[in-house]
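# Summary of structural features
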Amino acid sequence: MRRTQAFIPTSKEAPSDAQLASHIFLSRAGFVTQSAAGLYNYLPLAKRVIKKIENIVNEEMTKVGAQEVELSFVTPADLWEESGRIEKFGKELLRFKDRKDTQFVLAPTNEEMMVDFVRNRITSYKNLPVNLYQIKTKFRDEARPRFGLMRGREFIMKDGYSFHSCSEDLDREFDVMEAAYKKILTRLGLDYRVVEADSGAIGGSESKELMVIADSGEDTIAVCSKCEYGANIEAATRSERKEIPEAPEAEFNKFLTPNIKSIDELAGFFKVDPYYTVKTVAKKVIYEDSEEIVLFFLRGSDNLQEVKAVNATEALDIVDANEEELQALGVIPGFIGPLDQDKAKHVIDSSLKNARNMICGANEQDYHFVGADLSVISEVAYFADIAEVNAGDSCPHCDGELNFTKGIEVGHIFKLGTTYSKALKAEFLDENGKAQPFIMGTYGMGISRLVASVIEQHHDENGCIWTKSTAPYMVNIMVSNIKDEEQIALGEKLYSELQEANVEVIFDDRKERFGFKMKDAELIGFPYTVIIGKELVNGNVQVYERSTTEKTAVSVENILGEIMELSNS
RNA sequence: CGGGGCGUAGCUCAGUCUGGUUAGAGUACCUGGUUUGGGACCAGGGGGUCGAAGGUUCGAGUCCUUUCGCCCCGACCA
């Protein structure tokens, strides 16, 4: 491509609302433009990058036997009613009617569609397993899209679905997909981590997320300092605390604690480690057709992990409870405790099972219990892991400690089981001629988010630094002085030679000065720029490497070979 | 959903509080010239229903009402 003919509108200034490096540089360098909140247009450079990523995904999927298909973007709403997800997905599902007044949704993911696609077409265990995927636009009407391509409402996602006749085969495929996803991210040149995850709105049992490590990531992940363990904070677990603070010694007693409501105040008042206090978090728990106040009890040293709380209560969502709701219930904020708790349904964190020497609310204005022994309710109360792990907690798998880091979720793989096949009555006949629901897995990867992730991980103050596998063009030929006929002639020659050799090359033949064109090349981030300029009098050109910002002189005779070598390495 | 901010040239913004010729700057763009190793300079030029609708006024970018759009913060520890 000749730069004079390319549609690459670069600019010095980013949109005022751009915050992230990827958003700023992808806008400035002429990759994307915004059309509305969370909606972006892809310019030619972005389209090239997307195709590169898609090709790598396709190659790796083909290697493991997954087959590419394409489902309609507009999907009948009744499939979503059939699975029950039309409620669960809520407003994120964009719904509309066609001219015949039939309800449709824009697909945010395609479990239902894919199950419908195979049901009654694959009917025998002999035709299993099968793994089908597509790479296509998805739409989720997010309450608050942000960060450019990172969290758009419309985005490109690879979504894959596998169908199995037994769970062992699903386990096998799950591992195959994990390995394939890792391969893809490695090929893209990304630093990532595979972590255990919550299954969220999709449903299912085991799931893992592929996280690109970046400070700007929206997810917090806990990673072990010693072993491979990593988990999204929503799902992270820990082993029992090893260094336990010295326990306060006190007989069971009710203590006057006027206006002592927070954990800080309580621990300070009794001069104990918050570990020995019981924290109460009151939430309103929302179910499909009802809601109620639930009290969550934790150690004072822990925080409630809301996703775990949602799972423990099997709720659709949980929101804060307000004072009035608590008063209506008859509980006394600040002095709520788990002992003799009969006012509200409650969940107790498993770290409190059989806990002794605890200080907790006495369910009475201005009173707390000291020396409480929770083993008395261990038989009757509902315990669950609802605590968020803290930095420094012990790894659940080894003796390392957990540290926090930020990640961008670019992939998520699930063992779905029969959730959808049962709901949609998608069955096959097994060896005994008996009808069984498909056992499913689902595997997502955010293609447009990967574009942004590459830049989040690879940029400097001057712009993008594309990895070789993602670069829109491998080489940029830059003629320093467009009036120098010798320079132009060499540029033209090299340009056609590289094209001939199938190197993706752009030829900056614009009538601009050296600095202008260099800044532009740095902003866009081509891996290599061949500078044809002042060194030419010595028979040399220079190769500028974007990732190191170093310029190396190469003789005119050797430049073609040098570039071929660099672009293939 | 709750709270806040902003809509003026392709882009980044000033002007709005305190209404008053023809609405500005930088940048980008076009023409000509100079320059040619880090977004250079000189001269000339094109580009605006001031988000939209309604109202107040002799007069509205500016004041009032409505509305649309975009962005940010929040959705936690009893």
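For the structure, see preceding data.
Residues numbered from 1 in each chain as written. Chains lettered and ligands numbered in written order. Predicted model: local features only at pLDDT ≥ 70, side-chain atom pairs only at ≥ 80, totals over all residues. Heavy atoms only, no water.

### Thoughts on the overall build of chain A
A count of helical and extended segments in chain A gives 14 helices and 33 strands. When the backbone C-alpha atoms are referred to their principal axes, chain A occupies close to 95 × 65 × 45 Å. Out of the 569 residues in chain A, the part that is buried amounts to 53%. A sequence separation of at least 24 residues applies to 69% of the contacts in chain A between residues at least 6 apart. Surface accessibility of chain A: about 26200 Å² in total, with carbon and sulfur atoms responsible for 46%. (Helix = DSSP H or I, 4+ residues; strand = E, 2+ residues; numbered from the N terminus. Buried < 20%, exposed > 50% of the residue type's maximum accessible area, 1.4 Å probe, protein only. Contact = heavy atoms within 4.5 Å. Areas by Shrake-Rupley, 256 points an atom, 1.4 Å probe, with all protein chains shown as cover.)

### Remarks on the pattern of salt bridges
Scanning the model with the defined rule gives 38 salt bridges in all. Across the salt bridge formed by R85 and E111, the nearest N and O atoms sit 2.7 Å from each other. Of the two residues, R85 sits in helix α4 (residues 85-88) while E111 sits in helix α5 (residues 111-118), which places them 26 residues apart along the sequence. E111 carries the same exposure label as R85, and that label is buried. D373 is the partner of R356 in a salt bridge, and the nearest nitrogen-oxygen pair spans 3.0 Å. With R356 in the loop between β18 (345-349) and β19 (358-364) and D373 in the loop between β20 (367-372) and β21 (383-384), this pair connects stretches of sequence that are 17 residues apart. The exposure class of D373 is partly exposed, given its relative accessible area of 23%. (Salt bridge = Lys/Arg side-chain N within 4 Å of Asp/Glu carboxyl O.)

### Here we look at the packing of helix α12 (residues 485-500) against helix α14 (residues 559-568)
α14 packs onto α12 with a crossing angle of 40° between their chain directions and a minimal axis gap of 11 Å. Comparing the axis directions of α12 and α14 gives the class oblique. Note that α12 runs across α14; the crossing there is right-handed. Contact residues: L494, E497 and L498 in α12; I559, L560, I563 and M564 in α14. (Axes fitted to C-alpha atoms, helices over the stretch in contact; angles between N-to-C directions. Parallel < 35°, antiparallel > 145°, perpendicular 65-115°, else oblique. Left-handed = near helix turned anticlockwise from the far one by under 90°.)

### Describing a negative patch on the surface
A cluster of acidic residues, D78, E81, E87, E288 and D289, forms a negative patch at the surface. Mapping E81 onto the fold places it in helix α3 (residues 77-83). (Patch = residues over 30% accessible without salt bridge, like charges linked within 9 Å, V, L, I, M, F, W, Y side chains within 5 Å. Lys, Arg positive; Asp, Glu negative; His and termini not counted. Charge placed at Lys NZ, Arg CZ, Asp CG, Glu CD.)

### Some remarks on the packing of aromatic side chains
Counted by the stated rule, this structure contains eleven aromatic pairs. Arranged with centres 5.4 Å apart and planes meeting at 80°, the rings of F163 and F438 form a pair that is edge-to-face. With a gap of 275 residues between them, F163 in strand β8 (residues 154-164) and F438 in the loop between β25 (435-437) and β26 (439-446) connect regions that are remote in the sequence. We classify F163 as buried; its relative accessible area is 0%. An aromatic cluster of three or more residues is present, and its members are F163, F428 and F438. Its end group placed over the ring of Y473, R48 keeps NZ or CZ at 3.9 Å from the ring centre. Here K254 stacks its cationic end above the ring of Y367, 5.1 Å away from the centre of that ring. (Phe/Tyr/Trp six-rings, centres within 6.5 Å; stacked < 30°, edge-to-face > 60°. Lys NZ or Arg CZ within 6 Å of the ring centre and 35° of its normal.)

### Some thoughts on the pairing of strand β1 (residues 32-36)
In this sheet, strand β2 (residues 39-42) lies alongside β1 in antiparallel orientation, the contact comprising four bridges. Residue pairing for β2: V32 is matched across the bridge by Y42. Taking the residues that link successive antiparallel strands as the turn, the β1-β2 hairpin has two residues, and the phi of G38 there is positive, at about 75°. (Pairing = 2+ DSSP bridges.)

### Description of α12
Given a rise of 1.5 Å per residue, 16 residues ought to cover 22 Å, and the 22 Å separating the end C-alpha atoms of α12 matches this to within 8%. For α12, the complete set of buried residues consists of Q487, L490, G491, L494, Y495 and L498. Looking straight down α12, one finds that the buried residues subtend no more than 135° of arc, so they occupy a single side. For α12, the exposed residues set more than 90 degrees away from the buried face come down to E485, E486 and E500. Check the buried side of α12 and you find it contacts β29 (475-479), β30 (505-508), β31 (528-532), β32 (540-545) and α14. With its phi angle positive at about 60°, N502 sits one or two positions after the end of α12. (Expected span 1.5 Å × (residues − 1). Arc of directions from axis to C-beta.)

### Considering the protein's contact with RNA strand B
In the region of RNA strand B, 46 residues are neighbours, and R144, N303, D320, L326 and E522 sit closest. Counted by atom, the contact set of RNA strand B within 4 Å of the protein is 52% sugar and phosphate. Between RNA strand B and R28, the relevant distance is 3.4 Å, taken from a base oxygen to a side-chain nitrogen or oxygen of the residue. Separating a base oxygen of RNA strand B from a side-chain N or O atom of K279 is a distance of 2.6 Å. Going through the elements one at a time, β1, β14 (278-286) and α13 (514-524) are the ones with two or more residues in the surface near RNA strand B. (Near = heavy atom within 4 Å. Polar contact = N/O pair within 3.5 Å; in protein donor to acceptor, adjacent residues only side chain to side chain.)

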